[in-house]
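Examination of the molecular architecture
Read off the chains here:
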Amino acid sequence: MLEQLLIFTRGGLILWTCKELGNALKGSPIDTLIRSCLLEERSGAASYNYDAPGAAYTLKWTFHNELGLIFVAVYQRILHLLYVDDLLSMVKREFSEIYDPKRTVYNDFDDVFRQLRKEAEARAEEMKKSGQLAKAVNGPSKMQRQTTSQKVGSDGGGKKKSGGAGKDGGDGDSGKGRKLENGHSNGHVGMEKSPADGVPRSKENGASGTGAFDVSKLQKLRSKGGKKSDTVANKTSKAEAQKKSKPKANRVWDDSPPESKLDFTDPVDEKGDENIAVMADQGESLMDQEEVISSESETEEEEELAKNTKADAKKGWFSSMFQSIAGKANLEKSDLEPALKALKDRLMTKNVAEEIAEKLCESVAASLEGKKQASFTRISSTVQTAMEEALVRILTPKRSIDILRDVHAVKEHGKPYVIVFVGVNGVGKSTNLAKVAYWLLQHKIKVMMAACDTFRSGAVEQLRTHARRLQIPIFEKGYEKDPAIVAKEAIQEATRNGSDVVLVDTAGRMQDNEPLMRALSKLIYLNNPDLVLFVGEALVGNDAVDQLSKFNQKLADLSTSPNAMLIDGILLTKFDTIDDKVGAALSMVYISGAPVMFVGCGQSYTDLKKLNVKSIVKTLLK
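Residues numbered from 1 in each chain as written. Predicted model: local features only at pLDDT ≥ 70, side-chain atom pairs only at ≥ 80, totals over all residues. Heavy atoms only, no water.

By the naming in an unreviewed UniProt entry, the protein chain goes by SRP54-type proteins GTP-binding domain-containing protein and is assigned to Nelumbo nucifera. As its UniProt record puts it under Subcellular location (unreviewed entry), the protein chain is described as follows: "Endoplasmic reticulum membrane". Here the protein chain is described in UniProt, under the heading Sequence similarities (unreviewed entry), as follows: "Belongs to the GTP-binding SRP family." (UniProt positions renumbered as here; feature names shortened; annotations may be inferred.)

Here it is as structure tokens:
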């Protein structure tokens, strides 16, 4: 049974709901659909599943892009209603005829909807009956085929037996071993006599005419190969002898005296207490500097626009001019497909995951289909403008990412602000943790590090080195300890000594390693951090989808709390090594919904900056 059907504008104004249904929906499926699907450019999907306590809904929708209307139907997932798509299309057609932008009440549409619903249900019943009739008609014929095949098989077996009893072998099928469909023998090798000399031979070693291989030819080839190998060996031995006879000239090195000091590590003891090398101030972090976008991208866009106009001129001056002035009545999917395919290929060359590029193009097509094209515009530019707006909407954070404000807010309650760094192996968690610590120190915030990577050799020493250079305290318990307990004790210590922020370093783990993912889930559940940062490389492509989706899935599945903490933000590393392959940022944000809060772009402590959304979008589309 249909639970609810709504018609509302893109601005959120509800124009009509079905009063007949009047079912109180459990939870908020419509709000979740808007927030998690329509606003996140996932509107190209066929349906959306919403789970609420005591109910499981399926939502389907359609757009009227020219009028800016959205039609949504909600029904119980277990029912599998067949007429919903047909009903939505009919409601869309009928409601668009009576729609008036100045009108907000449509009580007269109730009777129309009642009639449309009856038609859709009747049509679905007819389709179901016709499908059952077709199955009833096709059923006996399939059974007859099976019985006839069984009869043929039994007859064939009898013939084989009778043929095997004869001396001449009949038509020759009696002794042949059957072969499988892939061409390999089934293990029963039949013996048949050669017509020339009467020597029995196996089916696998048949005559050369049937594609078999002759053993004598193989011996000849081996003999030839042996001769060739001997000659090659003789030639190589002569060449080696000539090389050995020539003495190698001595290398002349630079006569300058060697450097007095080649080891630049700090001379410390095992505890790390002697000769502490304090890091000099490296200047202002890039996080506090505004990035200026150069005008090169604008000139490149103008050049590309000129190329496109030249290409359009080749198609026909009069037709292109007439179409650009008059515009198309309504954009159809066939009109959008060439431009969307080119756009998808362009996104994939920028390292965007294929699955996400395809979903984005489907969402853009859903938002443009049926919309009237403006005059003096091409379809390619219309599609690119829509994609640019979609990318800006995806990459722009949906919540505040001002960590400094959050730190001061938590500080007022007398607790430290806890940040946990998670990610796969070798992405640079410890290094970028030190960059974040340096940035916080510049804003006069007391920072403490927690060495909770008790798995990897050298992890504690690496973090200890950063702490010495930055002159901040570090809490460590060594190796082979429970990281959740170490993090809890570190937070207690930070509360005692008045630290404002605790930066928790964790071991790198693959998303499929369940024991380590269980330990991470325990750490997050036990300590309830304020921010869980996923540290990922900007070099990854399709793997970004797998990493983030499985990290979130494992954290949700392995948590003992019903409200499990998932990834809150993303830190992209090695951003200075990718040139224009910036698609990993888009893939990670799209799959997780978490914003990119930091971008690592170098080797020094100052090389940490914010994500420039406009710059990323221009790079993706140029």
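Let's pick the thread back up.
Details of the side chain of H64
In this structure, H64 sits in strand β4 (residues 55–64). H64 gets classed as buried once you look at its relative accessible area, which sits at 15%. If we skip the residues at most four places from it in the chain, H64 touches L69, F71, K92 and S96. (Helix = DSSP H or I, 4+ residues; strand = E, 2+ residues; numbered from the N terminus. Buried < 20%, exposed > 50% of the residue type's maximum accessible area, 1.4 Å probe, protein only. Contact = heavy atoms within 4.5 Å.)

Considerations on the packing of aromatic side chains
The geometry of an aromatic ring pair comes down to the distance between the two centres and the angle between the two planes. The final tally for this structure, using the stated rule, is nine aromatic pairs. The interplanar angle of 35° and the centroid separation of 6.3 Å between the aromatic rings of F95 and Y99 together place this pair among those described as tilted. Per residue, the accessibility class of F95 equals that of Y99, and both read buried. Taken together, the ring pairs connect W16, F71, F95, Y99, Y106, F109 and F113 into an aromatic cluster. Across the ring face of Y590, the terminal group of R42 is positioned such that the distance to the ring centre comes to 4.2 Å. (Phe/Tyr/Trp six-rings, centres within 6.5 Å; stacked < 30°, edge-to-face > 60°. Lys NZ or Arg CZ within 6 Å of the ring centre and 35° of its normal.)

Quick word on the sheet that holds strand β9 (residues 447–451)
Sheet strands line up and pair through hydrogen bonds in the backbone, either parallel or antiparallel. Across the sheet, which stays open at both edges, the eight strands sit in the order β10-β9-β11-β8-β12-β13-β14-β15 with mixed pairing between neighbours. Each edge of the open sheet is held by one strand with a lone partner, namely β10 (474–475) and β15 (608–609). Across four bridges, strand β8 (residues 417–422) lies against strand β12 (residues 531–537) in parallel orientation. If you follow F421 over to β12, its bridge partner there is L533. The sheet strands contacting helix α11 (residues 429–442) are β8, β9, β11 (501–505), β12, β13 (569–573), β14 (596–600) and β15, and the helix crosses β11 at an angle near 170°. (Pairing = 2+ DSSP bridges. Axes fitted to C-alpha atoms, helices over the stretch in contact; angles between N-to-C directions.)

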